[in-house]
Amino acid sequence: MSTRFKALVSRYIDEINVTKNIELKDISELPQNDTLIKVEYSSLNYKDTLSANGHKGITRNYPHTPGIDAAGMVVETKGKKFKSGDKVIVTGYDLGMNTSGGFAEYIRVPEDWIVPLPNDISTKEAMIYGTAGFTAATAINEFQKHGIVPESGKVLVTGATGGVGTLAIAMLAKLGYKVVASTGKMNLSGYLTKLGASEIIQRDEINDKTEKPLLAKQWIASLDNVGGNTLATILRSTFEHGIVCNCGMVEGITLNTNIFPFILRGVRLVGIASAETPMKRRLEIWNKIFNEYRLAEYNFNIKEVTLEELPNEIDLMAKGEQVGKILVKISN
Ligand SMILES: NC(=O)c1ccc[n+]([C@@H]2O[C@H](COP(=O)([O-])OP(=O)(O)OC[C@H]3O[C@@H](n4cnc5c(N)ncnc54)[C@H](OP(=O)(O)O)[C@@H]3O)[C@@H](O)[C@H]2O)c1
C-alpha cells in the first residue's frame, strides 16, 4: 500500500489569504489514533467553510485538512471494536477541526468516534445525510420527545435551501409534518415544494425589528439554522408549549430576547450540538435516520464533486449560494 495520499490542505498566510489546494500527504503525518480509515465519501458542511478559510475559532493550527464528515472502510486498527474491512461513519467530535479531516483519502481517528454502517446502507447514502442530516434528525427527535406530532401545528425550518434545511424539510415531510420553509431564495420555491414544504416564506418575514415582547403565534416547532434576530423572532412567535431547536448561526451569534416566550407561553429553547453527541445517543439518532426517518427517494439537489472541485464549492457555500447537499467522492 502506498503511504502517500491526496488531501485538501488549507494554508493560512494571514486572515485574508488562506489557500486551499490538493496536496499529497503521507500516512505518517496523520494523528497517532488507533484506527486508519480509507475514506470513500465525505460531505460539505458550513463548519468546513470556516475551517477551510482560516477561522481560528474552529481550527487553531494550519496547514490543515478540513472535513467534519467521512464514510469509508477500516484499513487497520489497534482498537477492539472494529476490524479491517468494516464500513463505518465518522462525523463530528474533533474530525476536521483540529484532527485531519474527511477531505482526504485517509483519516486516523479514535475508535470511540466511529459508528458502524448498516449492511444495507452505502457510504454514499450515509454521506447524503452526514452531519447535516444528523443535525436535522436530532432536532426532529427533540420535537417528537416533546410530544410534537403532525397534528400539533406548523413546523418552521429556516435556512431552508441549505444542507441542514434541505434534509430537515425532506425528513419532516416524510413523517407527515406540515413544514413552513423560510428562505432568502424565493426563486427556489418550486424546489422547496417538491422537497415537501407546504408553505414558503421570505426570510425577512421572520426578522422582526419591533420591540414587541410577543408576536402573533405561528408555529409549534422550529429548526433554526440562522440564529441572530431570526431566532429572537421565532421565539416570540411560537405557540404555547412549542419547541425551538437552534443549531446554526449564519445570520449571527447574538440572541437579544426577553423572558415572555418562556414564562407566558412555556416555549422551550433547545440547543443542538451534533459534534459532541455522546455515542449512545449518536447510535440512536443514526438508527432513526436509517429506519424511521430514512428517505424513500433523494429528490433534492445532490451535487457530487471531486476533491479537486471542492475548493470552489467551499467558496460558494461560504457566500450562502449552495442549494442542497454537496457530496464529495474521495475514492472507490
Ligand atoms: N450545531 C450543530 O450541531 C450544527 C450542525 C450542522 C450545522 N450547523 C450550523 O447550521 C447552519 C447551517 O449549516 P449548513 O451546513 O446547512 O449550511 P448551508 O448549507 O450553507 O446552509 C445555510 C443556509 O442558511 C441561509 N442563509 C445564508 N446566509 C444567511 C443569512 N445571512 N441570514 C439568514 N439565512 C442565511 C441560506 O438558505 P436560504 O437562502 O434558503 O435562506 C443557506 O443556504 C450553520 O450555521 C452551521 O454552522 C450546526
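Note that the structure is a prediction, hence the values are computed from the model and not measured.

Once that is clear, we can look at the packing of helix H2 (residues 123-145) against helix H7 (residues 279-289). Two numbers describe how H2 lies on H7: the axes approach to 9 Å, and their chain directions differ by 95°. Classified by the interaxial angle, the pair formed by H2 and H7 is roughly perpendicular. Touching Tyr129, Gly133, Phe134, Ala137, Thr138 and Asn141 of H2 are Ile285, Lys288 and Ile289, all from H7. Across the contact of H2 with H7, the residue classes tally to 5 nonpolar, 3 polar and 1 charged.

Right, let's talk about the nonpolar core for a bit. If you look at the biggest cluster of nonpolar residues, it comprises 81 residues, and the most contacted ones within it are Val90, Ile107, Ala136, Val155, Ala168 and Ile169. Look past the residues within four positions of valine 155 in its chain and what remains in contact with it is Leu172, Tyr177, Lys178, Val179, Val180, Trp219, Ile220, Ala221 and Ser222.

Before going further, it helps to spend a moment on the packing of H2 against helix H3 (residues 163-174). Remark: H2 packs on H3, axes separated minimally by 8 Å, with the N-to-C direction vectors making an angle of 50°. Our classification of the angle between H2 and H3 gives oblique. Remark: the crossing between H2 and H3 carries right-handed chirality. Where H2 abuts H3, its residues Tyr129, Ala132, Gly133, Thr135, Ala136, Ala137, Ala139 and Ile140 lie against Gly163, Val164, Leu167, Ala168, Met171 and Leu172. In terms of residue class, the contact of H2 with H3 is built from 11 nonpolar, 3 polar and no charged.

What surrounds the ligand is a group of 31 residues, the closest being Gly159, Gly162, Gly248, Ser274 and Gly320. Mapped by element, the contributors of at least two residues to the shell around the ligand are helix H1 (46-52), H2 and H3. Broken down by class, the residue content of the shell around the ligand amounts to 12 nonpolar, 15 polar and 4 charged. Looking at which domains feed residues into the shell around the ligand, each of domain 1 (4-117 + 301-329) and domain 2 (131-274) supplies at least three.

The next subject is the domain arrangement of the protein. Each assigned domain of the protein is listed with its residue range as follows: domain 1 (4-117 + 301-329) and domain 2 (131-274). Put simply, the middle of domain 1 and the middle of domain 2, counted by C-alpha atoms, are 29 Å apart. If you look at the interface, domain 1 gives 11 residues, while domain 2 gives 10 residues. A per-class count over the side of domain 1 that touches domain 2 returns 3 nonpolar, 6 polar and 2 charged.

Here is what the cut-offs are and how they apply
- Residues numbered from 1 in each chain as written.
- Predicted model: local features only at pLDDT ≥ 70, side-chain atom pairs only at ≥ 80, totals over all residues.
- Axes fitted to C-alpha atoms, helices over the stretch in contact; angles between N-to-C directions.
- Helix = DSSP H or I, 4+ residues; strand = E, 2+ residues; numbered from the N terminus.
- Parallel < 35°, antiparallel > 145°, perpendicular 65-115°, else oblique.
- Contact = placed C-beta atoms within 7 Å.
- Nonpolar A, V, L, I, M, F, W, Y, C, P; charged D, E, K, R; others polar.
- Core = buried A, V, L, I, M, F, W, Y, C linked by C-beta atoms within 7 Å.
- Buried ≥ 20, exposed ≤ 12 C-beta atoms within 10 Å, placed from the backbone.
- Left-handed = near helix turned anticlockwise from the far one by under 90°.
- Near = placed C-beta within 6 Å.
- Domains from an automatic or database assignment.

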